[in-house]
Structures are given as C-alpha cells and as structure tokens.
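# Observations on the three-dimensional arrangement
Residue-level listing of the chains:
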Amino acid sequence: MAINLLGRSLLTLKDFTQAEIRYLLDLSRDLKNLKRAGVYPKRLANKNIALIFEKASTRTRCAFTVACVDEGAHPEYLGKNDIQMGKKESLADTARVLGRMFDGIEFRGFDQAVVEGLAKWSGVPVWNGLTDADHPTQALADMLTIEENFGTLKGKKVVYVGDGRNNVANCLLYGCLKMGMHYVISAPKSLWSAEEDVKWARECEKEYGGKFELIEDPIKAVKDADVIYTDVWVSMGEEDKPGIKERIDSLRPYQVNSKLMAATGKKDTIFLHCLPAHHTDGVHDMEVTEDVFESAASKVFDEAENRMHTIKAVMVATLC
C-alpha cells in the first residue's frame, strides 16, 4: 500500500499507523545515506519553514535548520519574544498569518494545545518539536538508532528508567507500542504513566503485538533489555515547581550505572538519552554515571544526529 503523508501534521505518533511510521523511518535512512554520499536532492527548494521556539533548544533547532538547508528550504527562527502569539494576538490569528506566509511550521514549547491549535488554524503541516506532553521527533530518532544497532524493532525490549510521566517517556510509549516493541517504564509508582496512556497501550498491544509494562524495581525491569533509556529527572520548565527535591530523591535508585547495565544479562545492551544529560560528577548524583555515558554501549550521539535525519524525513514526506 502506497503511503502518502502530503499535508499531514506530526503532533503525536498516536496519530500515525505502523505503516506510516515505517515509511518515515525508511525515508530517514535513505536521506541519511544520501547526505553521507554528498547528494542533496533539494526537494524542499523554495519552501519557507517557520521555527517557533518557546523553549531553548540545541538538537531540535539545529536539526530543523540543517535539515531545511540540506533540502533547499529557508528556515526562519521565531523565538518567544519575536512574535505576538498569546500576547497581543490570539493563537488562531497567528496561525492563520503564518500559514499564509510559510509552507510548514515547527513548534517547540509547553502546551500541547498550542501545537494542536497551530495545526488547526494554519492550513499547513505543523510539526511538534516538543511539548510538555509529547516529543514525537525524538521517538523517531530513537527508533532509527535502535534499528541501526539491532536490525529490527519488532520485539526489542526498551526500558525507560526515571520519570515515567514526562514527554520522552510518553513519546516512546506511543512509538514503541505502534511498532510492536516491548516497552517498560521503571519508576516510582507516583511517576507512572497516566491511566489513559496505559489504557491506550493495552489496545495497541492487541493490534500490533507489542508489550507494555510498568515495573517499580529497576533491576527487575531491565532484565533482558536491549535498550536502557533515561532522561533528566527535572524537565525543562519544572525547576521551580514544588516537590522537585522529593522527586529527585525518589529517583536516585533509578540512576543508570554500571550495575544497572549489567543487570540486563546481555552484552549488547545499548544506552540512550535524549540529551542534554546531567552526568554524575562524583559529587552530585544524576540520572546517568559518567562511565556509562562515555561507554561503548552509549549511542547518544548517534541518536542526536538521527534527530536531523528523521526531522528531514518528516518535512520531506509532508511537504513533497
């Protein structure tokens, strides 16, 4: 069956079928190979892309910018102080203006409702570069990295260790379950996935043959894991919220260290992190120790590079 994503927005992988995700991953691989061969088809020539950033960014901003330039498009960065959205102008009005001037819009910010509103009102493809609820371009890059290391996604066991309610844990849930993988979140019960996500995952298990588990004990959770994944214990924008110290204290047993990596019982387990990472520095306990982060098992910089290739695939697929 031919896949046609022209005009589609990427707000969450929940909206995409397994075949559509497979198409994006295959296209990502093809575009990565072309770039490494020095071939640039310029399929986005004369396209103008708005990049809206409420939150600071390294990988997302650079990945979108380089992907645009590689394919011949013009990226226009719009920081939170550069436009009137949500201040002097409504979301709907801003979206309709941008949709008249740009061919596609990327949004990185706080509220999932904003990226959904941009998609509703702009009339052009909108891509979620991160919200507090979801991070779909990250999950695509993660799955491409996993497939590059193991040759397949089906049945591979990914264990996310840490804050199981954050946007990265969520996007991995949506992507892994759609692709028939075994996805485990290991966290204190207070940081487990929302009930509606658990219910959604159970339906996906039936449809795609994957498996979803919530396991409080991290040593038990990582047994036979192909991938151990973690993220910062305090997400961007949460630093000053009440209860952060208590959350950090509750997550200390979930640090990814050599003991946890060894508990998989497998020699080829890889470590992933969406970055930026807080490494343990010998004084402060963080989500990953330096020896794991810098080990041969760590594929975090392959993963970071793959943000660019998968984002390029999303733009090409939805604009061409």
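My aim in this report is to walk through the structure given alongside it, one point at a time. (Residues numbered from 1 in each chain as written. Predicted model: local features only at pLDDT ≥ 70, side-chain atom pairs only at ≥ 80, totals over all residues. Heavy atoms only, no water.)

The helix and strand inventory of the chain stands at 12 helices and 11 strands. Taking the principal axes of its C-alpha atoms as reference, the chain extends roughly 55 × 45 × 40 Å. A burial count over the chain gives 56% of its 320 residues as buried. Total accessible area on the chain is roughly 13,700 Å²; 51% of this is exposed by carbon and sulfur atoms. Across the chain, 42 positive and 48 negative side-chain charges occur, with their mean positions spaced 3 Å apart. (Helix = DSSP H or I, 4+ residues; strand = E, 2+ residues; numbered from the N terminus. Buried < 20%, exposed > 50% of the residue type's maximum accessible area, 1.4 Å probe, protein only. Areas by Shrake-Rupley, 256 points an atom, 1.4 Å probe, with all protein chains shown as cover. Lys, Arg positive; Asp, Glu negative; His and termini not counted. Charge placed at Lys NZ, Arg CZ, Asp CG, Glu CD.)

Moving on, we get to the pairing of strand S6 (residues 182-186). Working note: regular strand, side chains alternate between the two faces of the sheet. Within S6, five of the five residues are buried, which leaves the element mostly enclosed by the surrounding structure. Of the two faces of S6, the one holding His182, Val184 and Ser186 and the one holding Tyr183 and Ile185 are both buried throughout. Sheet analysis places strand S5 (residues 157-161) next to S6, joined by five bridges and oriented parallel. Looking at S6, one finds that Val158 is bridged to Tyr183. (Pairing = 2+ DSSP bridges.)

One can describe the packing of helix H1 (residues 18-36) onto helix H12 (residues 300-319) by two numbers: an axis separation of 8 Å at closest approach and a directional angle of 115 degrees. Relative to H12, the element H1 is oriented roughly perpendicular. Pair H1 / H12 crosses with right-handed handedness. For the pair H1 and H12, the contacting residues are Tyr23, Leu24, Leu27, Ser28, Leu31, Lys32, Lys35 and Arg36 in the first and Glu305, Asn306, Met308, His309, Thr310, Lys312, Ala313, Val314, Val316 and Ala317 in the second. Here the residues of the contact of H1 with H12 are counted per class, giving nine nonpolar, four polar and five charged. (Axes fitted to C-alpha atoms, helices over the stretch in contact; angles between N-to-C directions. Parallel < 35°, antiparallel > 145°, perpendicular 65-115°, else oblique. Left-handed = near helix turned anticlockwise from the far one by under 90°. Contact = heavy atoms within 4.5 Å. Nonpolar A, V, L, I, M, F, W, Y, C, P; charged D, E, K, R; others polar.)

Turning our eyes to something else, we now look at the nonpolar core. Ranked by internal contacts, the top residues of the largest apolar core, which has 84 residues, are Leu140, Tyr183, Phe212 and Met315. Per-element accounting of this core gives the leading share, nine residues, to H12. With residues up to four places along the chain from it excluded, the contact list for Leu140 reads Leu10, Leu13, Ile21, Leu24, Leu25, Thr310 and Val314. Counting 16 residues, the second largest nonpolar core, distinct from the first, contains Leu11, Ile83, Phe102 and Val124. (Core = buried A, V, L, I, M, F, W, Y, C linked by side-chain atoms within 4.5 Å.)

On to helix H9 (residues 244-251), then. Along an α-helix, a turn takes 3.6 residues, which lines up residues three or four apart on a common side. Looking only at H9, the buried set comprises Ile244, Arg247 and Leu251. In a view along the axis of H9, the buried residues occupy a sector of 60 degrees, so they form one face of it. Away from its buried face by more than 90 degrees, H9 exposes Lys245 and Glu246. (Arc of directions from axis to C-beta.)

Strand order in this open sheet of five strands is S7-S6-S5-S8-S9, and the pairing throughout is parallel. The open sheet has two edge strands, strand S7 (211-215) and strand S9 (270-273), and neither has a second partner. Sheet twist, expressed as the average angle between the axes of neighbouring strands with direction ignored, equals 20 degrees. As paired elements, strand S8 (residues 227-230) and S9 share four bridges and run parallel to each other. What sits directly across from Val227, in S9, is Ile270. Set on the sheet, helix H6 (residues 167-178) makes contact with S5, S6, S7 and S8; between it and S6 the angle comes to about 160 degrees. Together, S8 and S9 form the strand contacts of H12, whose direction differs from that of S9 by roughly 50 degrees.

Attention now moves to the packing of helix H3 (residues 91-101) against helix H4 (residues 112-122). As a packed pair, H3 and H4 sit with axes 8 Å apart at the nearest point and diverge in direction by 50 degrees. Relative to H4, H3 is oriented oblique. At the point where H3 passes H4, the crossing takes the right-handed sense. Contacts between H3 and H4 involve Leu91, Ala92, Ala95, Arg96 and Gly99 from the first element and Ala113, Val114, Gly117, Leu118, Trp121 and Ser122 from the second. Taken together, the residues that form the contact of H3 with H4 break down as seven nonpolar, three polar and one charged.

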